Each structure stands twice: as structure tokens, then as C-alpha cells.
Amino acid sequence: MSTERSHDLFSRAQQLMPGGVNSPVRAFKSVGGEPFFVQRADGPYLFDVDGNRYIDYVGSWGPMIVGHNHPKVLEAVVETARNGLSFGTPNPLEVTMAETIARLIPSCEMVRMVNSGTEATLSAIRLARGATGRSRIVKFEGCYHGHGDSFLVKAGSGALTFGVPTSPGVPKALADLTLTLPYNDFEAATRLFDECGGEIAALIIEPVVGNANCLPPRDGYLQHLRALCTQHGSLLIFDEVMTGFRVALGGAQARYAVMPDLSTFGKVIGGGMPVGAYGGRRELMQQIAPSGPIYQAGTLSGNPVAMAAGLAMLELVQAPGFYDALEAKTNALCDGLETAARDARVAFTTQRVGGMFGMFFSAEKVDTFDQAMACDSAAFNRFFHAMRERGVYLAPSAFEAGFMSGAHDDDVIATTIDAARAAFAAI
Ligand code: PMP
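Residue numbers run consecutively from 1 along every chain, following the written order of its sequence. Confidence filtering applies because this is a predicted model: local features only for residues at pLDDT of at least 70, side-chain atom pairs given and counted only at 80 or more, and all residues used for totals across whole chains, interfaces and linings.

**Considering the overall build of the protein chain**
Right, so step 1: Helix and strand labels come from DSSP, where a helix needs a run of H or I of at least four residues and a strand needs a run of E of at least two; each type is numbered from the N terminus. Within the protein chain one finds 14 helices and 16 strands.
Right, so step 2: A compact globule built from 427 residues would reach a C-alpha radius of gyration of about 22 Å, and the protein chain, at 21 Å, matches this within 12%.
Right, so step 3: With the C-alpha coordinates aligned to their principal axes, the bounding extent of the protein chain is approximately 55 × 55 × 50 Å.
Right, so step 4: Here exposure depends only on C-beta density: within 10 Å of a residue's C-beta, 20 or more other C-beta atoms make it buried, 12 or fewer make it exposed, and intermediate numbers make it partly exposed, the C-beta atoms being placed from the backbone. The burial tally for the protein chain puts 48% of its 427 residues in the buried class.
Right, so step 5: Two residues qualify as being in contact provided that their C-beta atoms, derived from the backbone, are within 7 Å of each other. Of the contacts formed within the protein chain by residues at least 6 apart in sequence, a portion of 72% connects residues at least 24 apart. The quantity called the radius of gyration is restricted to C-alpha atoms. Its globule counterpart is 2.2 Å times the number of residues to the power 0.38.

This is the structure in C-alpha cells:
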């Protein structure tokens, strides 16, 4: 496998860009080695600058749910771009987008478009704080909500109540306001709300965790959080940046039948363009400027080309049977990987929800953050490289979910499982 051109580009990039990248995980720090630079992508494949082809299970970290370079999305983008790239005025596609989201996600009576998942989540907590007049928020260990200051926080030692920054530059005073809970622990959530529920503006959660590998909620867990929030007057925010239009057409809230007060989106709704959104109950959303006093704005928000890409994507995923087929593909892949691992006597298990999945080098079923952290990440790293050598690109970290697309057909999945058979044997 030639990597010369990628190596040259990475050397140049490292001179001018921190770590040689514009987003940390791309640098392969976690798995070791150097990243490859992609020239183009099509369907289930990435093609790098050295001419290598990879079956892709990252899908640009989630957006490419119909596969790369889908002709309908491309056509929508090109056609819309002919009329101008940005107007800074209202445009008709924003209205169609809001109508589409409100129809597909009933908890979103109103929506505001932004440009990334990060913007969506930090806007949502500002709204929650403004609307409740409370300052504290609750997040979960292992959940990622973008790089807003309030989210770059982990649990302080022992104490339930004070968070500590996970990044220099996050003020301690702000981190103090973020409380952290263990995911899938019913009791810990009850205790925290008993202790200080009246100070909590919002609880934010990835309803299926996709940033600590892939951890589905235990039965009744999301309902339990819904009940606690209702009881204590706190808002429940589902961060569906990853799960939205991914685990079901209506997102995790449809799949698990729980109504959050606010939701955040990104990835799939942008069709590969930089898009995020947040939405929720009308009386909450009306408190956002200019109809209300809580400020939030964006020069490029609702950008017509981005809206066109997202709308084309949302049209495609509404095709009858799309999610059943996607889920069947995910199951076929995960079942095949588990069988291949068993045959090679490698301790390995998977989790899958709709079009996302997790791979764990563990003999036990994994559904908490501590269990995910205890998996053999060195084994994952060897597996990652063994798969890459065999033309399969997995997320370059043991703690990321994998993403299936509608473009991964039976042959592509069978080829992946064959590669995994060889990779499990090799590691
Ligand atoms: N929330 C979740 C659940 C995410 O997975 C991500 C990104 N992976 C974000 C928020 C942040 O989105 P962005 O990278 O677009 O800012």
C-alpha cells in the first residue's frame, strides 16, 4: 500500500496546522501512524491521494448515510449554487427545512438552523438557562456535545456536584456549573436530582452514546430521565447530532418513544455540508431572538446550498424501508464480525442501533462508559491498522461509533467480513 503522497501532505500540514489537521481525531493520535488524505469518495468508498480505496465506515462521522457523492444530493447542491452561495436574507429552502424537521420530529414545533453540532448544543443550553433562570446543567460521562466550554468538563473526584475542566481555557467557574453523571445509572441520576434538581436548567444526553464507542440506553433509562426532569422543572435535551435521522427517521426520540423539551441536530440534516439545528417546544423556541430575549445568530445560518444538500438527504432517507434496510445491513456486518472474531478466538462483541454500531474488544456485553473504557484498546488499534491494510477504514479510535450507509451492499459487507477474518487472525 503506497502512502507517499499522504505522507508528504501530512508533513506540510504539520508545519502550518496544529497536529496537521482541522479536527483532532483525524490525526490518528489514538491508533498511531499517519492519516491518509482523501481525494474523492463515492458510495461506500473513499479514495486517497495515493490511489488506495477503502470501504468507509466513518461516513464523514455520520452525515453520509446514503453513501458518498449521492447524485441527488450533488445535483441539489450544484443547482442551488448556480443561484448564488449566500444571501444573508431569508431564503425559501430554510422554510422547507423547518417544515421538514417539524414534520419528522414532532417534539420540534419550531427550529433554528446553525452551522455545526457545537453551535446547536451551546445554543440549546443557553436557551435552557435563559428559559429556566437556572445555571447548572447535567451531562454524562463519555458523551460529547461539541467543544462548547460548558461541555469540556468531567466529574470532579468524589463530589457529585462540581465539574472540572478537561481543557485548559475553560474557566473553573463555568465548569463548576456542569454536573456529570454515569450513563445508564438510574440511581445516580435520581440522587443528583434529589440533591439539587431545583438548580438544574437542563440535562443533556446523547440518547444513544456514540462518542464512547456505541452505548444504547438500558430499558426505561431515557424515560427515567424524562420523569426526573419533569418532576424538577429541568429541561431534557436530546443531543441527536449523531442519532438524528440515523437510528430511525424520527431519531432516538422516536425509537425509544421519549419526548425531549429541546433537541439538537447536525450531520445527516446537512447532507455533508456544515449544518446544525436545534428545536423544541414552541414556547421555549419563541424565547430566542428576535421573537424573544435570548440571543443567538449566524451570518451563514440557513445557507441555501447547505439547506439544499440537507433537504436532498432528508428526501432520500424518507424512501419507504430505508431504515429497515440500513438496520439489516448493520446487523449483517456486526453478526459477521462477531462470528469472525469467535472463529479467531478473539474476545469481541458489538452493539448496534439502526445505522450505527460499536465494536468492543471485550468478552462481555458493554453498556456503560466504565465498561467501554475497560475494553482492550491496544487490540482495537492493531485491528484498525490490519483492516486499513486490507482496504477497510474504521473510525481511528476505539471510542467512536461506526456508521453504516445505504450504499454498503451485500458484497461490500461480505468483503469487510473477509477482511476482518484475516485481521482478527493477524492480530
Ligand atoms: N453532539 C454530538 C452527539 C456529536 O457527535 C458531535 C460531533 N461528533 C457534536 C455534538 C458536535 O458537532 P460538530 O462537530 O458539528 O460541532
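**Side note on helix 13 (residues 377–389)**
Right, so step 1: Helix span is expected to be 1.5 Å times the residue number reduced by one. In this model helix 13 runs 18 Å from its N-terminal to its C-terminal C-alpha over 13 residues, within 8% of the 18 Å that 1.5 Å per residue would give.
Right, so step 2: Along helix 13, the residues classified as buried are F380, N381, F383, F384, M387 and R388. One side of helix 13 holds all its buried residues, which, seen down the axis, span an arc of 165°.
Right, so step 3: Buried residues along helix 13 sit against strand 15 (392–393) and helix 14 (410–426).
Right, so step 4: Backbone geometry just downstream of helix 13 places G391 in the positive-phi region, at approximately 80°. What the arc measures is the spread of directions leading from the helix axis to the C-beta atoms.

**Regarding the UniProt feature "modified residue: N6-(pyridoxal phosphate)lysine" (unreviewed entry) in the protein chain**
Right, so step 1: UniProt positions are given in the numbering used here, feature names are shortened, and annotations may be inferred rather than shown by experiment. Per the UniProt annotation, the sites labelled "modified residue: N6-(pyridoxal phosphate)lysine" (unreviewed entry) are K267.
Right, so step 2: With respect to the element layout, K267 can be found in the loop between strand 11 (262–265) and strand 12 (276–280).
Right, so step 3: Taking the C-beta count within 10 Å as the criterion, K267 has 29 such neighbours and is therefore assigned buried.
Right, so step 4: Not counting residues up to four positions away in its chain, the partners in contact with K267 are W61, G62, P63, G117, V241 and M242.

**A closer look at helix 10 (residues 304–317)**
Right, so step 1: Taking 1.5 Å of rise per residue, 14 residues should cover 20 Å, and helix 10 covers 20 Å from first to last C-alpha, within 8% of that figure.
Right, so step 2: Buried within helix 10 we find V305, A306, M307, A308, A309, G310, A312, M313 and L314.
Right, so step 3: In this structure, the buried residues of helix 10 make contact with helix 2 (71–81) and helix 3 (92–104).

**Considering the sheet that holds strand 16 (residues 402–403)**
Right, so step 1: Two strands pair if DSSP finds at least two bridges between them. The strand order 13-14-16 describes an open sheet built from three strands, whose pairing is antiparallel. Edge positions in the open sheet fall to strand 13 (349–353) and strand 16, since each of these has one partner strand only.
Right, so step 2: Relative to strand 16, strand 14 (residues 356–360) runs antiparallel, the two being bridged by two bridges. Within strand 16, the position partnered with F357 by the bridge is G402.

**Some points on unusual backbone geometry**
Trans is the prevailing form of peptide bonds, just as negative phi is the prevailing case for residues other than glycine.
Right, so step 1: With an omega dihedral of 10°, the bond running from A289 to P290 counts as a cis peptide bond.
Right, so step 2: The residue F28 is not glycine, and still its phi comes out positive at about 65°.
Right, so step 3: We classify F28 as buried; it has 21 C-beta atoms within 10 Å.
Right, so step 4: A positive phi is found at A257, a non-glycine position, where the angle reads about 55°.

**Some words on the domain arrangement of the protein chain**
Right, so step 1: All the domain ranges listed were derived from an automatic or database domain assignment. Examined at the domain level, the protein chain breaks down into domain 1 (4–69 + 320–426) and domain 2 (71–317).
Right, so step 2: Inter-centroid distance (C-alpha atoms) of domain 1 to domain 2 is 25 Å.
Right, so step 3: The element contributing the most residues to the side of domain 1 that touches domain 2 is strand 14, with four residues.
Right, so step 4: Here the residues of the side of domain 1 that touches domain 2 sort into 16 nonpolar, eight polar and two charged. The residue classification treats Ala, Val, Leu, Ile, Met, Phe, Trp, Tyr, Cys and Pro as nonpolar and Asp, Glu, Lys and Arg as charged. All others, Gly included, are polar.

**A few points about the site of the ligand**
Right, so step 1: Taken together, 16 residues lie around the ligand, and S116, G117, T118, G146 and V241 are the ones closest in.
Right, so step 2: Looking at the shell around the ligand, the element that brings in the most residues is helix 4 (residues 117–132), giving three residues.
Right, so step 3: Looking at the shell around the ligand residue by residue, the class counts come to four nonpolar, ten polar and two charged. Each residue receives a C-beta atom placed from its backbone. It is near a molecule or strand if this atom lies within 6 Å of it.

**A closer look at the sheet that holds strand 4 (residues 110–114)**
Picture the strands of a sheet paired through backbone hydrogen bonds; they go either parallel or antiparallel.
Right, so step 1: Pairing within the open sheet is mixed, and its seven strands lie in the order 4-12-11-10-9-5-8. Looking at the sheet topology across the chains shown, the edges are occupied by strand 4 and strand 8 (178–181). Strand after strand, the sheet turns through a mean of 20° between neighbouring axes, direction not considered.
Right, so step 2: Sheet topology places strand 4 next to strand 12; five bridges connect them, and they run antiparallel. Counted as the bridge partner of M110 is G280 from strand 12. Only C-alpha atoms enter the line fits that serve as axes; for helices the fit covers just the stretch in contact. Angles between N-to-C directions range over 0 to 180 degrees.

**Some points on the nonpolar core**
Right, so step 1: One finds A128, A202, L203, L225, I237 and A277 to be the most contacted residues of the largest nonpolar core, which totals 120 residues.
Right, so step 2: Residues lining this core come from more than one domain, with at least three contributed by each of domain 1 (4–69 + 320–426) and domain 2 (71–317).
Right, so step 3: With residues up to four places along the chain from it excluded, the contact list for L203 reads V138, L225, C229, S234, L236 and I237.
Right, so step 4: The term nonpolar core refers to a group of buried residues, namely Ala, Val, Leu, Ile, Met, Phe, Trp, Tyr and Cys, whose C-beta atoms join them within 7 Å. Ranked by size, the runner-up nonpolar core spans five residues in total, among them F151, L152, V153 and A175.

**Here's the deal with the packing of helix 11 (residues 322–343) against helix 14**
Right, so step 1: Packing of helix 11 against helix 14 brings their axes to within 9 Å, and their N-to-C directions diverge by 20°. What the angle tells us is that helix 11 and helix 14 run roughly parallel. Of the two elements, helix 11 crosses helix 14, and the hand of that crossing is right-handed. From helix 11, K329, A332, L333, G336, L337, A340 and A341 reach across to helix 14, where they touch I413, T416, I417, A420, R421 and F424.
Right, so step 2: Here the contact of helix 11 with helix 14 is composed, by residue class, of nine nonpolar, two polar and two charged. By definition in this entry, angles of less than 35 degrees are roughly parallel, angles greater than 145 are roughly antiparallel, angles of 65 to 115 are roughly perpendicular, and the rest are oblique. By the definition used in this description, the sense in which the near helix is turned from the far one sets the handedness, with an anticlockwise turn below a right angle giving left-handed and a clockwise turn giving right-handed.

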